[in-house]
Amino acid sequence: MTFQVLISDPLNEDGIKPLIDADHIEVHMLTNLSKAELLERIPEYDALIVRSQTKVTEDVIEKGERLKVIGRAGVGVDNIDLDAATERGIVVVNSPDGNTNSAAEHTMAMLMALARNIPQAHASIKNHNWDRKSFVGVELKDKILGIIGLGRIGTEVAYRARGQRLKVIAYDPYLTEEKAKQLGVQYGTLDDVLRKSDFITIHTPLLKETRHILSAGAFRKMKDGVQILNCARGGLIDEDALYRAIKSKKVRGAALDVFEEEPVKNYKLLDLPEVIATPHLGASTVEAQENVAVDVSYDVIRILNGGLPQNPVNIPSVSAEVMEKIEPYFNLSEKLGRFIARMTEEPIEEVTVRFSGSLTELDISPLTRNAVKGMLKPYLGEHVNDVNAPFLASRKGITINESKTSRTKGFTNLITIEVQTRSSAKTVAGTLLNGLGTRIVKIDNYSVDVMPEGNLLLIRHKDQPGAIGRVGSLLGQYDVNIATMQVGRSNVGGDAIMVLTIDKPIDKECLDDLRNIPNIMHVIPIEL
Ligand SMILES: NC(=O)C1=CN([C@@H]2O[C@H](COP(=O)(O)OP(=O)(O)OC[C@H]3O[C@@H](n4cnc5c(N)ncnc54)[C@H](O)[C@@H]3O)[C@@H](O)[C@H]2O)C=CC1
Ligand SMILES: O=C(O)C(=O)COP(=O)(O)O
């Protein structure tokens, strides 16, 4: 099988070489597709790679029936409908580090150009004017640069700004006073940054919480004559409010690389002489473009080959080292999930996946996701995968808990899944036995030793003479061979269970007959 990859925005050709050279992958570079053309072509592709131009909206994702991965050759994924991708089990990957340096350098270039009116002076002299008095600038030295969002790019800007002898104050919800000290920046709240800065540069992602973070209210709090930079995302600044703040002289000037609408259609703000601008060039360097294309190419190859990506956006990343250690438990966690789903006859409201023993030293969240996947698959079908399982569970109103305990309970490792329904609770636990493979070792309160494979029958019965024999002979009448049988009971004559491994699935008639045997309360066929 050959995977088809569509690249719909211009990408560095050297950077996509790994993809072009990969076996069983065919690359199609079709830039400038209209939305209608993209919708028409997308069903043919297994992977889509974009930059910021292509809008990967819900309808594109819906039409992309074969899509397994969407690669963003850059950082911002606000042009991709992440919920729609997650819901359909499509992994979204990006290149979080590939263009950091370029974007930071572009911000510094804009800062200096803004302070010294370089674009305006350049335009003037190119127009054959010798005008020196219109372009008097301000120095950066000893001024205060406020940074909103001290992530990768914000931090790089802070380092460079200190080289220009600016004082830096920064706000980021994840910035601690201690970290700020290490970075040589002053720690502030958003209000501190707005009130104290001579220049304000913004480096956050565009999220619901950050949209219009620089609004009319924010501009009111700023110093008179403040200068604003945005090399992160259009939409972080309310452009109408910025226009008014410049007109009223509250804001002395602004340097913008990104806009609420791209390409820009309304030039009202850009036509102000105080505004300098570039058309979203922050990541446009040879180096950055090669980096991001290489990163995304390798992740797309990994996913198409069934591997785990290095830079996933919609699933937590797992290092190769951790993956190697947890891999043997992958199969077990999914099977336990599948088993408990079949055991449970009412809608599941809450699931708790408990890990005990040496497993607890590892990042076990992929195992939890896999257990939830196993639990949902019998009901939601094959489209449930590691990416969308927690999303689909929460949409069904199922709460997922994960817990770790170092208590070993007699097993080196144990994965226990407990589910809660409206009226009952169920438990199944499994382990990996050294050299012997996986085993289910507990079903509710009964200790068992069952290989989680093939066709199983879970039978709940009363511990009465003859029950086991009748089950055996009835299966014999239906020509169903029993490979293994485990029996557990709470007390003599009380509730008991049988777990049988049979050589072929039973039919409806056989199931009804089993259910009619005296003292048999429940019979559940489980295929693992
Ligand atoms: N102009 C261009 O061509 C480029 C633009 N970008 C954009 O730059 C932005 C930053 O990118 P990176 O530094 O790589 O991302 P990052 O994820 O490393 O940093 C973003 C920071 O923003 C912080 N943040 C989130 N919400 C916040 C809030 N409400 N207030 C203050 N801080 C908040 C986060 O805690 C994080 O530290 C993104 O929007 C990205 O899309 C990135 C590369 C090139
Ligand atoms: O990486 C980002 O977030 C960027 O904004 C770069 O966008 P681009 O790939 O140049 O369209």
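Residues numbered from 1 in each chain as written. Chains lettered and ligands numbered in written order. Predicted model: local features only at pLDDT ≥ 70, side-chain atom pairs only at ≥ 80, totals over all residues.

Caption draft 1: Expanded view of the overall build of the protein. Looking only at helices and strands, one finds 17 helices and 22 strands in the protein. Expected size for 528 residues packed as a compact globule is a radius of gyration near 24 Å; at 30 Å, the protein overshoots this value by more than 25%. Summarising its shape, the C-alpha atoms of the protein cover approximately 110 × 50 × 40 Å along the three principal directions. The buried share among the 528 residues of the protein stands at 42%. Put simply, of all contacts in the protein between residues at least 6 apart along the chain, 64% involve residues at least 24 apart. (Helix = DSSP H or I, 4+ residues; strand = E, 2+ residues; numbered from the N terminus. Rg over C-alpha atoms; globule rule 2.2 N^0.38 Å. Buried ≥ 20, exposed ≤ 12 C-beta atoms within 10 Å, placed from the backbone. Contact = placed C-beta atoms within 7 Å.)

Caption draft 2: Spotlight on the site of ligand 1. Every one of the 31 residues lining ligand 1 counts as a neighbour, but Gly 76, Gly 149, Gly 151, Ile 153 and Gly 282 are closest to it. Put simply, the parts of the chain that give the shell around ligand 1 at least two residues each are α5 (100-115) and α7 (152-163). For the shell around ligand 1, the residue count by class is 14 nonpolar, twelve polar and five charged. Two domains share the shell around ligand 1, each providing at least three of its residues, namely domain 1 (3-96 + 287-304) and domain 2 (100-277). (Near = placed C-beta within 6 Å. Nonpolar A, V, L, I, M, F, W, Y, C, P; charged D, E, K, R; others polar. Domains from an automatic or database assignment.)

Caption draft 3: Seen up close, the sheet that holds strand β14 (residues 399-405). Strand order in the open sheet formed by six strands is β14-β13-β15-β16-β17-β18, with mixed pairing between adjacent strands. Unpaired on one side and paired on the other, β14 and β18 (446-450) mark the two borders of the sheet. Taken over all neighbouring pairs, the strand axes of this sheet differ in orientation by 20° on average, direction set aside. In the sheet, strand β13 (residues 348-357) pairs with β14 via seven bridges, with the strands oriented parallel. Bridged to Ser 356 within β14 is Thr 405. Sheet strands in contact with helix α13 (residues 320-343) are β15 (413-421), β16 (425-433) and β17 (437-443), and its direction is about 155° off that of β16. (Pairing = 2+ DSSP bridges. Axes fitted to C-alpha atoms, helices over the stretch in contact; angles between N-to-C directions.)

Caption draft 4: Quick peek at the environment of Gln 464. With respect to the helices, strands and loops of the structure, Gln 464 is situated in the loop between β19 (455-462) and α16 (467-477). A count of 12 C-beta atoms within 10 Å places Gln 464 in the exposed class. For Gln 464 and Ile 417, which are 47 residues apart along the polypeptide, the C-alpha to C-alpha distance reads 29 Å.

Caption draft 5: Up close: the domain arrangement of the protein. For the protein, the assigned domains are domain 1 (3-96 + 287-304), domain 2 (100-277), domain 3 (333-340 + 349-406 + 414-452) and domain 4 (453-528). On a C-alpha basis, the centres of domain 1 and domain 3 stand 33 Å from each other. Across the boundary between the two partners, domain 1 contributes six residues, which contact five residues of domain 3.

Caption draft 6: Structural context of the site of ligand 2. Taken together, Arg 51, Ser 52, Ala 73, Gly 74, Val 75, Gly 76, Asn 99, His 280, Gly 282, Ala 283 and Ser 284 are the residues near ligand 2. When the residues that make up the shell around ligand 2 are grouped by side-chain class, the tally is three nonpolar, seven polar and one charged.

Caption draft 7: Just the pairing of β13, in detail. As defined by bridge partners, β13 adjoins β15 across nine bridges and the pair is classed as antiparallel. Pairing of Thr 352 across the sheet is with Glu 418, part of β15.

Caption draft 8: Structural context of the packing of α5 against α7. Where α5 contacts α7, the axes come no closer than 9 Å and their chain directions differ by 50°. Here α5 lies oblique to α7, going by the angle between them. Crossing of α5 over α7 shows right-handed handedness. Where α5 abuts α7, its residues Thr 100, Asn 101, Ala 103, Ala 104, Thr 107 and Met 108 lie against Arg 152, Ile 153, Glu 156, Val 157 and Arg 160. (Parallel < 35°, antiparallel > 145°, perpendicular 65-115°, else oblique. Left-handed = near helix turned anticlockwise from the far one by under 90°.)

Caption draft 9: Structural view of the packing of α13 against helix α14 (residues 365-380). The geometry of α13 relative to α14 is characterised by a closest axis approach of 7 Å and an angle of 35° between their N-to-C directions. Crossing angle aside, the handedness with which α13 passes α14 is right-handed. Judged by residue contacts, Ile 326, Tyr 329, Phe 330, Ser 333, Glu 334, Lys 335, Leu 336, Gly 337, Arg 338, Ile 340, Ala 341 and Arg 342 of α13 engage Pro 366, Leu 367, Asn 370, Ala 371, Val 372, Lys 373, Gly 374, Met 375, Lys 377, Pro 378 and Tyr 379 from α14. Its residues placed into classes, the contact of α13 with α14 shows 13 nonpolar, four polar and six charged.

Caption draft 10: Region of interest: α14. With 16 residues, α14 extends 21 Å between its outermost C-alpha atoms, agreeing within 8% with the 22 Å of an ideal straight helix rising 1.5 Å per residue. Among the residues of α14, Pro 366, Leu 367, Thr 368, Arg 369, Asn 370, Ala 371, Val 372, Lys 373, Gly 374, Met 375 and Leu 376 are the ones counted as buried. Where α14 is buried, its residues meet α13, β13, α15 (389-395), β14 and β15. One or two residues past the end of α14 sits Gly 381, with phi positive at roughly 90°. (Expected span 1.5 Å × (residues − 1).)

Caption draft 11: Here's a closer look at the nonpolar core. Membership of the largest hydrophobic core comes to 95 residues, with the highest contact counts inside it found for Val 5, Ala 47, Leu 48, Ile 49, Ala 170 and Val 300. By residue number, the principal contributor to this core is helix α12 (residues 286-304), which donates ten residues. No fewer than three residues from each of domain 1 (3-96 + 287-304) and domain 2 (100-277) sit in this core. Not counting chain neighbours up to four residues away, the residues in contact with Val 300 comprise Val 5, Leu 19, Ala 47, Ile 49, Val 69 and Gly 71. Grouped together as the second largest cluster of nonpolar side chains are 49 residues, Ile 340, Val 353, Ala 389 and Leu 392 included. (Core = buried A, V, L, I, M, F, W, Y, C linked by C-beta atoms within 7 Å.)

Caption draft 12: How the structure looks around the environment of Lys 247. Mapped onto the elements of the fold, Lys 247 is located in helix α11 (residues 239-247). Lys 247 sits in the exposed class, given 11 other C-beta atoms within 10 Å. Sequence separation between Lys 247 and Leu 269 is 22 residues; the distance between their C-alpha atoms is 10.0 Å.

Caption draft 13: Looking closely at the UniProt feature "domain: ACT" (unreviewed entry) in the protein. If you check UniProt for "domain: ACT" (unreviewed entry), the listed places come out as residues 456-528 in our numbering. When the span residues 456-528 is considered, its composition is 26% helix and 42% strand, and the gap between its end C-alpha atoms is 8 Å. (UniProt positions renumbered as here; feature names shortened; annotations may be inferred.)

Caption draft 14: Expanded view of the sheet that holds strand β3 (residues 47-50). With parallel pairing, the five strands of this open sheet are ordered in space as β2-β1-β3-β4-β5. Strand pairing shows two members of the sheet lacking a second neighbour, β2 (25-29) and β5 (91-94), which therefore form its edges. Going from strand to strand, the sheet's axes swing by 20° on average, the running direction of each strand aside. When strand β1 (residues 3-7) meets β2, the two strands line up parallel, connected through five bridges. By the bridge assignment for β2, Val 5 is matched with Val 27.

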